[in-house]
Amino acid sequence: MRISKTQRGRAAAAVSIAAVLALTATACGDDGSESGTEGSGKGEITFWDNNGGPRTAIWTEIIKDFEKKNPDVKVKYVPIPIADVQSKYDTAIAGGGLPDVGGVGTAYLANMVSQEALDPLTDRIQGSSLKGKLVEGMVESVKDAGGRGDDMYTVPTSANNGALWYRTDLFKSAGLEAPTTWANFYKAADKLTDGKNNKFGYTIRGGAGSIAQAMDAAYGQSGITEFWNGDKTTLNDPKNVAALQKYVALYKKATPAADVNNDFTKMVAQWDTGTIGMLSHNLGSYQDHLKALGKEKFAGIPNPTGDNGTRVQVSNPVDGLGLFRSSKNKTAAWKFIEFAASHEANSKWNESAGAIPANTEAAKDPWISAAAPTELAAKALTDGSTKIVQLPYYLPDWNNISKADNEPEFQKLLLGKVTAKAFLDKIAEELNKAQAEWKELGNG
C-alpha cells in the first residue's frame, strides 16, 4: 500500500508539468482547473462512482444515510464503469462537466493532479472529524501517488489486495493441498482440468485489467522485489520473462478459451457458476463468491509463496474520494466526503466490498476477523511475510501504459502472436521513457 520515500522524491516536483498541462487544458475552454466556489453547503451535488455497477447498491445506501442526516443536500449518483473511469475524467477535464465529488484511485491520481483537476484536501482533513482517523499507510500512498509532497488530493477510503480464490470442495475431492505455493498452484491447475467436460483448474484474465494480474504473477514467481534497477525497470528481467511465459502457458491448457476476452466481471461470474478450481482477483469479489457458492465451498488466500517461502506481490492501488476544483458547492461536497469516510459509512462500504478500510475505527470492527480472506490479506501486508513491488503510480502515464495501451498486446501473448519477452520489452521501453521524462522535469 505504500510507496517509498525515494519514489516520492521522484514525484515531488510535479508543479511544472501541471502548469503546462493546465494552460493547455484552459485553452480548450471549460476544464477541471476552474477554481469553483465553496457554495452554500446546500442543494445538489454530483458524485461519480468509479466502480459503478458492482458498488452501486452500497453507495445508494450510503447516500440515503447521508441525505437523512443532511436533508439540505441531495446527491446525484452517477455510476461509471471501472474500465471507463479515466477516459471519462479526461474527457470532462478537457471539455467540462466534471462532478463535485468522484472516486479516484491512486493508479490514475497523478494524471488528474497534473491536470489541476482536484483540490488539495490536507487542510480540510486537518479541520475535520477525519483528523487522525485515517490509516497512515494509505495516507502515505495517496500523498506519494499525487506527487505534490505532503499534499493529499483524495481522502483514502479503502485498500484492496490480490487474493487467490480456490474451490475447497474441488481441492478436497481431488486430494490436493491448498495452493499456498506456486508449485501447488500449477499442480492444481493441471489436475483439476478436464477440458472435455468443461472443467478447468484456473481462469486467467485476458480482457480489461489483465496487465496488473500478469505483473503480479511474474514478480510473484521470479522473487524480484524492486520495480526499478537504477533508471530501468526490472519488468523485463529474464526471470520475469520466464515466469510470465509459464503463467500464460496455462491459457487453453488449464483455462477456458473465453478467458482471452474476460474482464473481472465475466471472470468472476464464470468462476462462481462453473467448475473452475482457482481464480486470481482482489478482495472485492468476496461477497459475490459468498452468495454464489456459500462459505463452505471456497476460500481466499494471499498470493502463493515461492520455493524459499517468501511471498512477493505488486502493490495495489488505494481508492479514495476527490473534491473537484471546478465544483460550485465545495462545502456540500466536502460534507459528503467526510461522511463517506467516517467510521460507520467506511465500515459499511468496505464490508460490502470485502476491502480493507481506511478509517482506523472501521478497521477494528468485528466483521474484519469474520471475513477470513480480508483478515489474511491485512495480516500479510503487516506481518513481514510479504515483499511488495511498488508500482510507479506517480507517473502520469502509468495508467495508460499498464492498461488500455497494452491490454491488446496481452491478448496477443495469450494467443501466441507475440512472445513473453517481446510483450514485457515493449512495456519496459514505455516505462523507461516515462521515467526519464519525469526525471527531466526535476523529479528524482
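Just so we're clear, the structure is a prediction, and the values are computed from it rather than from any experiment.

Peer 1: Summarise the packing of aromatic side chains; cite the residues concerned and give the values.
Peer 2: Under the definition given, this model contains 25 aromatic pairs. Where phenylalanine 47 meets tryptophan 59, the ring centres are 4.7 Å apart and the plane angle is 65°; that geometry is what we call edge-to-face. Taken together, the residues phenylalanine 47 in strand E1 (residues 43-49) and tryptophan 59 in helix H3 (residues 56-69) connect sequence positions twelve residues apart. Exposure remark for phenylalanine 47: the relative accessible area of 0% places this residue in the buried category.

Peer 1: Mind laying out helix H13 (residues 286-293), listing which residues take part and the relevant values?
Peer 2: Along H13, the residues that are buried comprise Tyr286, His289 and Leu293. An end-on view of H13 places all buried positions within 65° of arc, on one side of the element. Where H13 ends, the next residue or the one after it, glycine 294, has phi of about 85°, a positive value.

Peer 1: Lay out the sheet that holds strand E4 (residues 155-159) with the relevant residues and their values.
Peer 2: Pairing is mixed across the open sheet formed by six strands, whose spatial order is E2-E1-E3-E12-E4-E13. Of all the strands in the sheet, the pair left with one neighbour each is strand E2 (73-79) and strand E13 (356-357). Bridge count between E4 and E13: two bridges; the pairing is antiparallel. Residue serine 158 lies in a different strand from E13, and its bridge partner there is proline 357. Relative to the sheet, H3 contacts E1, E2 and strand E12 (318-323), its axis offset from that of E2 by approximately 170°. Running at roughly 160° to E12, helix H14 (residues 330-340) makes contact with E1, E2, strand E3 (101-103), E4 and E12 of the sheet.

Peer 1: Outline the pattern of salt bridges, listing residues and values.
Peer 2: Inspection of every chain in the model, using the stated rule, returns 14 salt bridges. We note a salt bridge from glutamate 38 to arginine 124, for which the minimum N-O separation is 2.7 Å. Note that glutamate 38 is positioned in the loop between helix H2 (15-27) and E1 and arginine 124 in helix H6 (residues 122-126), a separation of 86 residues in sequence. Residue class for glutamate 38 comes out partly exposed when judged on its relative accessible area of 37%. Taking the shortest distance from any N to any O, the salt bridge between glutamate 140 and lysine 143 comes out at 3.8 Å.

What counts, and at which threshold
Residues numbered from 1 in each chain as written. Predicted model: local features only at pLDDT ≥ 70, side-chain atom pairs only at ≥ 80, totals over all residues. Heavy atoms only, no water. Phe/Tyr/Trp six-rings, centres within 6.5 Å; stacked < 30°, edge-to-face > 60°. Helix = DSSP H or I, 4+ residues; strand = E, 2+ residues; numbered from the N terminus. Buried < 20%, exposed > 50% of the residue type's maximum accessible area, 1.4 Å probe, protein only. Arc of directions from axis to C-beta. Pairing = 2+ DSSP bridges. Contact = heavy atoms within 4.5 Å. Axes fitted to C-alpha atoms, helices over the stretch in contact; angles between N-to-C directions. Salt bridge = Lys/Arg side-chain N within 4 Å of Asp/Glu carboxyl O.

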